[in-house]
Amino acid sequence: MNCQVCQLKELEVESFEIREVLRCILHTIVFHRALGLIRPKDIDLELFDITYVQCGEIEVEKKIDDRIEHFISWIEKHPNKKKTQLCVSFYKAKSKQPWYASKTDHRSFWERWYINLNVDVVLHPTKSPVGNSKLVMDLGDASEARSCRRKQLEQSLQQVLFQIIKFVNDKKDHVPPPINDDREIYCPFEITITSASSDSTFGKDMWKRILLNSGHPIHP
C-alpha cells in the first residue's frame, strides 16, 4: 500500500505551549480523516486567537491527551533535546497474518504526519546591578519580545492548519475505504515520538518499521 507522508512546518514553542499546540494540530488531523457520522465540536485556544474542530469522540480525545502527556513527560526527561518530532500514523488492519507476526505487522500504514517542534527554554530576567529603573525597562522589553514571539507562533500555527487542509484536499486516492460503514467513525491511528536526536533506540525502531512497511530492504 502506498503510504503518503506530510512533513508539517516546524514550530518554535515554549514548554507551557506544547499542550495547546499539539491538541490543535492532532485533533485537526484526526478530524479531517473521520469516516462516519461525527459530532464536530469547536474549541477555542486559550493562548492563541485560533479555533479548531474536534471529532467529539471521547475515545479520540482520551487517546490524544494521553499521548500528549506522554510526550510532555519525555520532553521533561530530555531537556537537551530541543528539536523533537511526533508522528501520526494512519493504518488499516491486515488479514491472514502468520501466528508469529508482531502487532505492528498486522497494520498496513497508508499515511503519516510528522509534527516538528523546536522547544525553547524560557529564560527569566535577572536583577540588574544598575538599579530598579533598568530592571523595569528589561522586564518591559522582555514582555514586548515575548508578545511578538507569541504572535509569530500563532501565525505559524495557522499556516500548519492550512497545510493540513491542503494536504487532505490534494491527497485522497490513497485513503482506504471503511470496512464497517456503521461502526467506523474515524481511521485507526497511532501517535509516536520519532525524535531524530533521541539517544534511545525508539527512533531507530520507528524508521525500521517505516522501511519494512514500504517494502524496501533493510540491514540489521
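All figures in this text were calculated on a predicted structure; none of them were measured in a lab. (Residues numbered from 1 in each chain as written. Predicted model: local features only at pLDDT ≥ 70, side-chain atom pairs only at ≥ 80, totals over all residues. Heavy atoms only, no water.)

K.L.:
How should I be thinking about helix α1 (residues 18–31) in this particular structure?
P.N.:
Look at α1: 20 Å from first C-alpha to last across 14 residues, which is about the 20 Å you get at 1.5 Å a residue. When you tally the buried positions in α1, you get eleven out of 14 residues, the bulk of the element. Among the residues of α1, I18, E20, V21, L22, C24, I25, L26, H27, T28, I29 and V30 are the ones counted as buried. (Helix = DSSP H or I, 4+ residues; strand = E, 2+ residues; numbered from the N terminus. Expected span 1.5 Å × (residues − 1). Buried < 20%, exposed > 50% of the residue type's maximum accessible area, 1.4 Å probe, protein only.)

K.L.:
Which parts of the structure should I look at to understand the packing of aromatic side chains?
P.N.:
Two descriptors summarise a pair of aromatic rings, namely the distance from one centre to the other and the angle between the planes of the rings. Across all of its chains, the model carries four aromatic pairs by this definition. Arranged with centres 6.0 Å apart and planes meeting at 55°, the rings of F90 and F189 form a pair that is tilted. With F90 in strand β5 (residues 83–93) and F189 in strand β7 (residues 189–193), this pair connects stretches of sequence that are 99 residues apart. Using a relative accessible area of 0% as the deciding quantity, one classes F90 as buried. A centroid spacing of 5.7 Å and a plane angle of 65° characterise the contact between Y91 and F109, whose relative ring orientation is edge-to-face. Highlighted residues: Y91 in strand β5 and F109 in strand β6 (residues 107–120), separated in sequence by 18 residues. The pair Y91 / F109 is uniform in exposure class, with both members buried. (Phe/Tyr/Trp six-rings, centres within 6.5 Å; stacked < 30°, edge-to-face > 60°.)

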